[in-house]
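Listed here are the chains, written in short residue letters.
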Amino acid sequence: MTEAEKYTAAAEASSMDPHDWGRAMALAVTRLAEQLAPEGSDDIHASLVGRDLHLKISDDPAGVTIRVSTGPISGPEG
């Protein structure tokens, strides 16, 4: 994948209550980091530093789906 591509990851939460979404958000962010990190990287979460993340919450029959996405890294002014 190139830096110009958009990356997306999702996870499901089995509750409609936002207080219960933390684990699903962490899983979605981890999945996103795994896509962005260089192969063999020991610190996959470093690939998220400096990026704008977009969060979308969608209704799901059992709760919600949490989708996290990002595009290219913004410049110093962005």
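Our structure is the block above this text.
This structure is a prediction, so every number in the text was calculated from the model and none was measured. (Residues numbered from 1 in each chain as written. Predicted model: local features only at pLDDT ≥ 70, side-chain atom pairs only at ≥ 80, totals over all residues. Heavy atoms only, no water.)

A. Expanded view of the overall build of the chain. Scanning the chain for helices and strands turns up one helix and three strands. Reading the secondary structure of the chain in the N-to-C direction produces β-α-β-β. Long-range contacts, defined here as pairs at least 24 residues apart, represent 53% of the contacts in the chain between residues at least 6 apart. Of the accessible surface of the chain, which amounts to about 5200 Å², a share of 52% is contributed by carbon and sulfur atoms. (Helix = DSSP H or I, 4+ residues; strand = E, 2+ residues; numbered from the N terminus. Contact = heavy atoms within 4.5 Å. Areas by Shrake-Rupley, 256 points an atom, 1.4 Å probe, with all protein chains shown as cover.)

B. Representation of the pairing of strand 1 (residues 7–13) in the model. Within strand 1, five of the seven residues are buried, which leaves it mostly tucked inside the rest of the structure. Bridge count between strand 1 and strand 3 (residues 63–70): seven bridges; the pairing is antiparallel. By the bridge assignment for strand 3, Ala13 is matched with Val64. (Buried < 20%, exposed > 50% of the residue type's maximum accessible area, 1.4 Å probe, protein only. Pairing = 2+ DSSP bridges.)

C. Spotlight on the sheet that holds strand 2 (residues 54–60). Strands sit in the order 1-3-2 across an open sheet of three strands; the sheet is antiparallel. With one partner strand each, in any of the chains shown, strand 1 and strand 2 form the two edges of the open sheet. Strand-to-strand, the axes of this sheet are offset by a mean angle of 20°, without reference to chain direction. When strand 2 meets strand 3, the two strands line up antiparallel, connected through seven bridges. Within strand 3, the position partnered with Asp60 by the bridge is Gly63. Where helix 1 (residues 22–36) meets the sheet, it contacts strand 1, strand 2 and strand 3, and its direction lies at approximately 155° from that of strand 1. (Axes fitted to C-alpha atoms, helices over the stretch in contact; angles between N-to-C directions.)

D. How the structure looks around the nonpolar core. Formed by 16 residues in total, the largest nonpolar core has its most connected members in Leu32 and Ile66. Every element with two or more residues in this core is listed here: strand 1, helix 1 and strand 3. The leading source of residues in this core is helix 1, at five residues. With residues up to four places along the chain from it excluded, the contact list for Ile66 reads Ala9, Ala10, Ala11, Trp21, Ala24, Met25, Ala28, Leu55, Lys56 and Ile57. (Core = buried A, V, L, I, M, F, W, Y, C linked by side-chain atoms within 4.5 Å.)

E. Seen up close, helix 1. With 15 residues, helix 1 extends 21 Å between its outermost C-alpha atoms, agreeing within 8% with the 21 Å of an ideal straight helix rising 1.5 Å per residue. The complete set of buried residues in helix 1 reads Ala24, Ala28, Leu32, Ala33 and Leu36. In this structure, the buried side of helix 1 is in contact with strand 1 and strand 3. (Expected span 1.5 Å × (residues − 1).)

What is shown is where atoms sit, not what they do.
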